[in-house]
Amino acid sequence: MSANAIEIRDLRKSFGPVDIIRGVNLELRAGERHALIGPNGAGKSTLFHLISGRLRPTSGKILLHGQEIQGKPPARIVHAGLSRSFQITNIFPEMTVLENLRCAVLWKLGHRYSVLRPLGRLRDVEAECTRLLEELRLTHRRTSRADSLSYPEQRALELGLAVASGADTLLLDEPMAGMSHSETAAALELIMAVTEGRSLLMVEHDMGVIFEMADRISVLVYGEVIATGTPEEIRANPAVQEAYLGTPNAEEAA
Amino acid sequence: MTMNAIETARSRPGQTLLPATLPWAAVIAVLFILPLAFPGTAMVSTLNYLGTMAIFALSYNVLLGQTGLLSLGHATFFGLGGFIATHALLGMAEAGWAFPLPLLPLIGGLGAFVLGIFGGWLASGKGGMPFAMITLGLSELVYAAAAIFPSIYGSEEGVSMDRMELGSSFGMDYGSATDIYVIVAVWFVICAAGLKYFTTTPLGLLANAVRDNAERVEFLGFSARRVRMWTYAIAAGVAGIAGSLAAINFEIITVIELGAATSTLVLLMTYIGGTRVFFGPVLGAVVIGLMKVWLSDLTPAWMLYFGLLFIFVVMVAPGGLAGILVGAGAMIRAGRLGPQLPLLAAIGGLGLLSLAGVIMLIELGYRAGLDAALGSQIRILGLPMDAHGLNSWGLAALLALGGALSIRPLLSRLETLQHRLGLKGGDPA
Amino acid sequence: MGLDVLSFSILNSVLYGMLLFLLASGLTLIFSMMGVLNFAHASFFMVGAYLGYELSKDIGFFPALVLAPLIVGVLGALVERYGLRRVHRFGHLGELLFTFGLAFVIEEAVQMIWGRSSQNFGVPAALDFTAFELFGTGYPAFRVFMLVVAVAVFAGLWLLLTKTRVGLIVKASLTHPEMVSMLGHNVPMVFMAVFGVGSALAGIAGVIAGPVLVTQPSMAASLGPILFVIVVVGGLGSLSGAFIASLIIGFIQTFAVAIDLSVRDVFGWLGVSEAPTFLGPVFTDAWGVSVAQLGPVIPYLLLVVMLIFRPAGLVGKRG
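What counts, and where the lines are drawn
- Residues numbered from 1 in each chain as written.
- Chains lettered and ligands numbered in written order.
- Predicted model: local features only at pLDDT ≥ 70, side-chain atom pairs only at ≥ 80, totals over all residues.
- Heavy atoms only, no water.
- Patch = residues over 30% accessible without salt bridge, like charges linked within 9 Å, V, L, I, M, F, W, Y side chains within 5 Å.
- Areas by Shrake-Rupley, 256 points an atom, 1.4 Å probe, with all protein chains shown as cover.
- Salt bridge = Lys/Arg side-chain N within 4 Å of Asp/Glu carboxyl O.
- Helix = DSSP H or I, 4+ residues; strand = E, 2+ residues; numbered from the N terminus.
- Buried < 20%, exposed > 50% of the residue type's maximum accessible area, 1.4 Å probe, protein only.
- UniProt positions renumbered as here; feature names shortened; annotations may be inferred.
- Pairing = 2+ DSSP bridges.
- Axes fitted to C-alpha atoms, helices over the stretch in contact; angles between N-to-C directions.
- Right-handed = clockwise from strand over helix to strand, strands pointing away.
- Contact = heavy atoms within 4.5 Å.
- Parallel < 35°, antiparallel > 145°, perpendicular 65-115°, else oblique.
- Left-handed = near helix turned anticlockwise from the far one by under 90°.
- Nonpolar A, V, L, I, M, F, W, Y, C, P; charged D, E, K, R; others polar.
- Lys, Arg positive; Asp, Glu negative; His and termini not counted.
- Charge placed at Lys NZ, Arg CZ, Asp CG, Glu CD.

## Points about a nonpolar patch on the surface
All names here are of chain C. Taken together, the side chains of Ile59, Val66, Leu67, Leu70 and Ile71 define a hydrophobic patch exposed on the protein surface, amounting to about 420 Å² of accessible area. Among the elements that make up the nonpolar patch, the one with the highest residue count is helix H3 (residues 61-87) (four residues). Inspection of the secondary structure assignment puts Leu70 in helix H3. Taking the relative accessible area as the measure of exposure, Leu70 reaches 53% and is therefore exposed.

## Description of the UniProt feature "transmembrane region" (unreviewed entry) in chain C
Residue and element names in this part refer to chain C. Per the UniProt entry, the sites bearing "transmembrane region" (unreviewed entry) are residues 6-24, 59-78, 90-114, 141-161, 189-214, 226-259 and 290-309 in this numbering. For residues 90-114, the end-to-end C-alpha separation is 34 Å, with 96% helix and 0% strand making up the annotated structure. Taken end to end, residues 290-309 is 80% helix and 0% strand, and its first and last C-alpha atoms sit 27 Å apart.

## Looking at the sheet that holds strand E7 (residues 169-173) of chain A
All names here are of chain A. Pairing in this open sheet of six strands is mixed, and the strands run E6-E7-E8-E3-E9-E10 from one edge to the other. Each edge of the open sheet is held by one strand with a lone partner, namely strand E6 (82-84) and strand E10 (224-229). In this sheet, neighbouring strand axes are inclined to one another by 20 degrees on average, regardless of whether the strands run parallel or antiparallel. Strand direction decides the pairing type here: strand E3 (residues 33-37) and strand E9 (residues 216-221), joined by four bridges, are parallel. If you follow Ala35 over to E9, its bridge partner there is Ile217.

## Quick look at the pairing of strand E8 (residues 199-203) of chain A
Residues and elements named next belong to chain A. The buried count for E8 comes to five of five residues, which makes it a mostly enclosed element. Pairing of E7 with E8 involves five bridges; the strand directions are parallel. Its bridge partner being in E8, Asp173 is matched across the sheet by Val203. Since E7 and E8 lie parallel, the crossover through helix H6 (residues 181-194) that links them has a hand, and here it is right-handed.

## Focus: the arrangement of the chains
Here two pairs of chains make contact, and the pair sharing the most contacts is chains B and C. There is a clear gap between chain A and chain C: no contact, and 12 Å between their nearest C-alpha atoms.

## Brief notes about the environment of Gly241(C)
Residue and element names in this part refer to chain C. Looking at the secondary structure, you find Gly241 in helix H9 (residues 239-258). With 10 residues separating them along the chain, Gly241 and Val231 place their C-alpha atoms 7.5 Å apart. Not counting residues up to four positions away in its chain, the partners in contact with Gly241 are Gly234 and Val315.

## Concerning the sheet that holds strand E4 (residues 59-64) of chain A
Residues and elements named next belong to chain A. Strand order in this open sheet of four strands is E2-E1-E4-E5, and the pairing throughout is antiparallel. If you trace the sheet from one side to the other, it starts and ends with strand E2 (18-29) and strand E5 (67-68), each paired once. Pairing of strand E1 (residues 4-15) with E4, which is carried by five bridges, proceeds in the antiparallel orientation. In the strand pairing of E4, Arg12 is matched with Ser59. Most of the contacts of helix H1 (residues 44-52) go to E1, to which it runs at about 115 degrees, and overall it touches E1, E2 and E4.

## Concerning the packing of helix H12 (residues 280-298) of chain B against helix H14 (residues 320-333) of chain B
Residues and elements named next belong to chain B. Running from amino to carboxyl end, H12 crosses H14 at an angle of 120 degrees, the nearest separation of the two axes being 7 Å. Looking at the two axes, H12 sits oblique to H14. Viewed along their axes, H12 and H14 form a crossing whose handedness is right-handed. Contacts from Gly280, Leu283 and Val287 of H12 reach H14 at Leu321, Ala322 and Leu325. Taken together, the residues of the contact of H12 with H14 sort by class into five nonpolar, one polar and no charged.

## A short note on a positive patch on the surface
Together, Arg408(B), Arg81(C), Arg86(C) and Arg89(C) line one region of the surface with positive charge. With respect to the helices, strands and loops of the structure, Arg81(C) is situated in helix H3.

Spelled out as structure tokens, the structure:
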């Protein structure tokens, strides 16, 4: 197995005449927490859609543990060990929290499309869901409908669906978007806990959060990665300061 | 606490007062009592028809309620199941095989299930509009093919059979409607229990997930297409059982059974009954089935009433009749019905007045138009009226419009009251 | 097939195709603006035919040709305002089911008023003559008139869509659904207008088709599915796609009736004159299948094949 969880080589995506991703090269090392930053419209979400199979790349390669996954359907990519969360909450609104999580653990526990036994009798599913509920701090909401949860709770469930599928590589698309300061702190703690021991690629805007949690940072500008490095390196990189942060002291300004 | 919270609280294991088996005991008890309460061949035949349609509607709800798929051609499998069962019976009778008649729906159901896998494979690439259109196209294809293959579908008058030809079994000779009732009742319990069980399985849960958010299902490692395909096949198989029972009950099957009218009927039954409560479609099948049997004797306008009821449910109560009942039940248990009762009674009374007006208008309309040959004098709801008389039309219009208009301020008051009681809107507790 | 039959079939195909497009264009406009595939569209067509018949008895055909579509248009606008808009909050399924129920109710109401049998809606005397002769066979003036009306309506519609502000936005929303939000606070008003105009187009089609097709309560139910075939095969939301598909269906349905050919004939050319009986009765059935019998099946075959292999349709961009 390769030391890199994800390896992206010269990835391109164009919509008609418009090039959104213009030759991205990126490595997500196994076990690292890697943040992807960049201004609005840089192509961060598009890049996530390409990796997770929602969109097909125009050209280039995406390797997951050395195995090519570009252009494969999302389900196959999940089977290969990569799952993701969404920027806009993407859960099952009319089902309970427990049912949401049950759906997410069915594949990894091998029950798949089974009709052989009722869910209530599948002890492994119940045990795993109980553990997840505990971890996500949603135990008291297990029989609530997902659309009746508060916003931070919905974000926790969104994260839970991604984590529950058992993939060792996770893409989190702005998991803390739209949260207040205190909610962000709690969410960050939760993310750090549930992604323990997995490789994590995460889009985030909050610089404070990024510098606190990321092992490495990549900067995406106009469809290209202009720099990758540790938080300190990125902070000191003049190209990043110019292209993304705008002024040398943007962090203080933001 | 919202309505949703009330609903989900009901399914919390260990907190419900009634054990899960109790409703089933009630169902079986009712099935025992029904033929005793309504004896006579005509009545029992009606019960057989209702039971058949109830199974059919339950199967349709696997698609509509459970998986969120609008099929416009579900009757295809009802009809094909009926034809398969009929040809199986004719073939076995000719060959002199001793096959017990009550097991015949198994053949029709299996045949429809296999065809359903194929149809599902074609139809389930996408949900929503493309699914509706493919099912429409497939059912029109099968229907049109009927004219081409008279040796399978019979000519205009269909394929008939004699259900006694397979001989006696289980101590019955199947000559009487009551014998058929036993078959229908047993199959109803089997199908209902089977479909209820299906909702508790992983695939049943995934069907709900596909309904709520098909895309996310893919990102959990599943193929939404396969979920749709299998639910489609299961719905088709159960519809095939219902179609076989219909063929056995009427001893004839025609192409009408697999046409658009039958597909429409099952859609209306299921939706009016309620798609989000398991037995909702049964309620719809019984109500609409009875309307079809009884109302068609009373008035030429029964189809119109049927359509208006459907529009009413779509516009006012998308949870269907069962949704209304469950909502009311939850309110009673929460002790919140009391304060609303006076308003609800007033709305109900005015609604009845308005309904009486609408009925008068429709009946007068039929007497003035389609049934003008019967003369203009007619008794409507006990009142002598005249389809050419201004007074009759005036009274009808006054009731219909006056009732509807005076309800509106009451409805907004009811809404305010429900807000205050915390039943609607607002943030969840 | 002789040259005379061929040329008349082509004429009739184009005519039928144009008639279908009168209906499909309204359906497409409504779909692209509101996202609703209107099941009651063919019902408005039928109401147009019946109103045309009823009004032409009193005020003559030509005034009826103006008045009946106007009434149908107002009816459509009212349906949008007091029906569709209310169920909008229940999502697309609610809207779909509402129009489905409406189609059901309209068919029953038409039967209530006019009865179950067909109406004697004849060609108006002023147009009851032979327009021209081709190969010794006359072509009726009314059919030429239908063609002229259809073309005139399209010209008017085009002007509306290219010369007015609202029209431009409506046209833009065909390809860019997000354009609808550019309408700002006028959205409900425009929805109502589009639904009304779409219904009125169906009404016009009803009045001019009534005398040629049969004016009967089943005319909506038999035409409705064909309209869906057209808008789906053409590509949902595409006017040009709907136009092409309308013509294709027009040709298929016209020529299927005109071509006198069966499986038996085809095998006859190969020197096989009798169905091999050992293959069973189903093959004997298939032996007798004629092109005329297949005619009604082909559109649905086209629909299913199209949705499976090219779900966006011929011209459509929305998958």
